[in-house]
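Residue-level listing of the chains:
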Amino acid sequence: MKKIIFIIPSLSHGGTNKALENILEFLEKQPYNISIFSIDNNKKDPYYSVFKQYLVPNNNSQLYNLINPIEKSGRKIIQSGILKITRNLYKLTNKDFTLHLCEKVAKNINKNQYDIVIAFQEGIATVLASYIQAPQKIAWIHCDYSVVPQHYKELYYKFNKIVCVSKYTLNSFNKVMPELSNRSIFIYNIVNSQIILNKASNTNNLKFDIDPKIFNIISVGRIDYIKRFKEIPSIADKLVKKNLKFHWYIVGDYNTNEGKELINNIKYFQLQKYITLTGPTNNPYAIMKQCQLYACLSISEACPYVINEAKILHLPIVSTNFPSSYEFINNHENGIICDFNEISDTIIELITETKKYQILKKNINLFSYNNQELETSILALFNYEEKKK
């Protein structure tokens, strides 16, 4: 039985961990021994309970502190000071402390002699995985590769296969690293449609009622500058000025700097009656199912997981025109792709022109997500070395 270890940066909410969760559901049925090493293994994070049975011990607080802000209290301040001093000492010797720590942690992981090591996210997870010894090393890329810092790019020479989550991501990688194009492939994220549909039917834990008589819009994800959620109030304000009956639900953790700006903008436009911040939830689908439109305002997305979820729930989509949007939305068939400055006018049209909205709704009602080809590709990837022999 092959031993596989996935390296991830944290156990927090996000599309990458959701993608891994769905892969694990599939791999449970296969003859593999699966482990996960999370650099930040905070037991309070939502994915700790999901991945608990796969997690291997991680007691290196220095590696954790490299990717997390140090809390300003007691022992943490001492750890922060020691970390800063140590890093500065390494700079004097022209050595990279991050690489040293990753190499140190990898030595412990190597004792388990894994057959396959998978860096399941860019950045520190890929750095650590590059030091782990295994016959087969795979790196997953979930972002536009052109924005990856140069010092990380050299790491990909150490991997047998590079998996990109969309055609756009693959093209981006091959453009920057053409010499590795023979190692790169794309595999879309596996999505468990049945779980999404089952959760969507469970509205028991909803803390608010959704008015079926008005046009309900929803946006889901990390509240950061890439998603542009803080711009939603200015868009909603234009809908209000048109006297439209609507409500906009924003699902995500708003306890961030970007979240504070979002809250301030809601107050500035006096939109408390029109916008609801739900906070993070493990079941956004119960809200999505009752909405009429999914709105994506992102600057960039590699493989927009939530857009696939919206399609599974037969929810028409309005999206900004980031490059991969055309890969996941059939423009003017099951959604509309437009420039960010056109989002408000597009939503107004869909609310006021019923026929235009009904065309999108009719087409997206025919959508179903097929994992079979994706699962076959993943099995072929994990059995790659056997096939070579």
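Each chain has its residues counted from 1, following the order in which its sequence is written. Local features in a predicted model are, by the rule used here, given only for residues with pLDDT of at least 70; side-chain atom pairs are given and counted only at 80 or more, and totals for whole chains, interfaces and linings are based on all residues. No hydrogens and no water enter the side-chain calculation; it runs on all heavy atoms of the structure.

Some details on the environment of I132
In step 1: Segments assigned H or I by DSSP are reported as helices when at least four residues long, segments assigned E as strands when at least two residues long, and all are numbered from the N terminus. Residue position: I132 is located in the loop between helix 6 (124-130) and strand 4 (136-141).
In step 2: Between buried and exposed lies partly exposed: a residue is buried under 20% and exposed over 50% of the maximum accessible area for its type, with that area taken using a 1.4 Å probe on protein chains only. Looking at I132, the relative accessible area reads 1%, which means it is buried.
In step 3: Sequence spacing of I132 and E103 is 29 residues, and the spatial spacing of their C-alpha atoms is 8.0 Å.
In step 4: Every residue pair with non-hydrogen atoms within 4.5 Å of one another is taken to be in contact. Ignoring anything within four residues of it in the chain, the contact list for I132 reads I7, A106, I109, N110, V117 and K137.

Notes on helix 16 (residues 354-364)
In step 1: Taken together, the buried positions of helix 16 are occupied by Y357, L360 and I364. Each buried residue of helix 16 lies within a common arc of 60 degrees when the element is viewed along its axis, so the set occupies one face. Opposite its buried face, helix 16 presents the exposed residues K355 and K362, each directed more than 90 degrees away.
In step 2: Looking at the buried residues of helix 16, the elements they touch are strand 7 (215-220), helix 13 (305-312), strand 11 (317-320), strand 12 (335-338) and helix 15 (343-352). By arc we mean the arc of the directions from the helix axis to the C-beta atoms, nothing more.

Digging into the pairing of strand 10 (residues 293-296)
In step 1: On strand 10, burial covers both faces: L293 and A295 on one face and Y294 and C296 on the other are all buried.
In step 2: DSSP calls a pair of strands paired once it identifies at least 2 bridges connecting them. Pairing geometry for strand 7 and strand 10, over two bridges, is parallel. For I217, the partnering residue across the bridge sits in strand 10 and is L293.
In step 3: The pairing of strand 10 with strand 11 spans three bridges and is classified as parallel. Bridge pairing in strand 11 places C296 opposite S319.
In step 4: With helix 13 bridging strand 10 and the parallel strand 11, this β-α-β connection has right-handed handedness. Here, the term right-handed applies to a crossover whose path from the first strand over the helix to the second runs clockwise when the strands point away from the viewer.

Section: the layout of surface pockets
In step 1: Only protein atoms enter the 1 Å grid used here. Points where a 1.4 Å probe fits but cannot escape make up a cavity, open sets with protein on both sides within 12 Å along at least five of seven lines make up a pocket, and a residue lines them when an atom lies within 4 Å of a point. Grid points are joined across faces, edges and corners, and a volume is the space filled by probe spheres set on the points. Taken as a whole, the second largest pocket spans an internal volume of roughly 470 Å³.
In step 2: Lining the second largest pocket are 21 residues, with Y188, K311, F367, Y369 and N370 positioned closest to its centre.
In step 3: Listing elements by their share of the lining of the second largest pocket, those giving two or more residues are helix 13, helix 14 (325-328), helix 16 and helix 17 (372-382).
In step 4: In terms of residues, the lining of the second largest pocket owes the most to one element, helix 17, which gives three residues.
In step 5: When residues are sorted by character, Ala, Val, Leu, Ile, Met, Phe, Trp, Tyr, Cys and Pro go into the nonpolar class, Asp, Glu, Lys and Arg into the charged class, and all the rest, Gly among them, into the polar class. Partitioned by chemical class, the residues of the lining of the second largest pocket number ten nonpolar, seven polar and four charged.

Side note on the pattern of salt bridges
In step 1: A pair is scored as a salt bridge if a Lys or Arg side-chain nitrogen falls within 4 Å of a carboxyl oxygen belonging to Asp or Glu. Tallied over the full model, the rule gives eight salt bridges.
In step 2: The partner of D237 in a salt bridge is K241, with the nearest N and O atoms 3.2 Å apart. One end of the pair is D237 and the other is K241, both in helix 10 (residues 232-241) and four residues apart, which spans about a single turn.
In step 3: Under the relative-accessibility criterion, D237 is labelled buried at 11%.
In step 4: In this structure, K356 engages E353 in a salt bridge whose closest nitrogen and oxygen atoms are separated by 3.9 Å.

Focus on the sheet that holds strand 10
In step 1: Strand order in the open sheet formed by six strands is 9-8-7-10-11-12, and the pairing between neighbours is parallel. For this open sheet the edge positions go to strand 9 (275-279) and strand 12, each flanked by a neighbour on one side alone. This sheet shows a mean twist of 20 degrees between the axes of neighbouring strands, independent of strand direction. Note on method: axes are straight lines fitted to C-alpha atoms, helices fitted across the in-contact stretch only, with angles between N-to-C directions ranging 0 to 180 degrees.

What about the sheet that holds strand 6 (residues 184-186)?
In step 1: Taken together, the six strands give an open sheet; going across it, the order is 2-1-3-4-5-6, and neighbouring strands pair in parallel fashion. Each end of this open sheet is capped by a strand with a single partner; those strands are strand 2 (32-38) and strand 6. Pairs of neighbouring strands in the sheet enclose a mean axial angle of 20 degrees, with direction left out of account.
In step 2: Pairing analysis gives four bridges linking strand 1 (residues 2-8) to strand 3 (residues 116-119), with the strands arranged parallel. Looking at strand 3, one finds that I7 is bridged to A119.

A word on the pairing of strand 3
In step 1: Across the two faces of strand 3 the burial is the same, with I116 and I118 and V117 and A119 all buried.
In step 2: A crossover connection joins strand 3 to the parallel strand 4 through helix 6; in handedness this β-α-β unit is right-handed.

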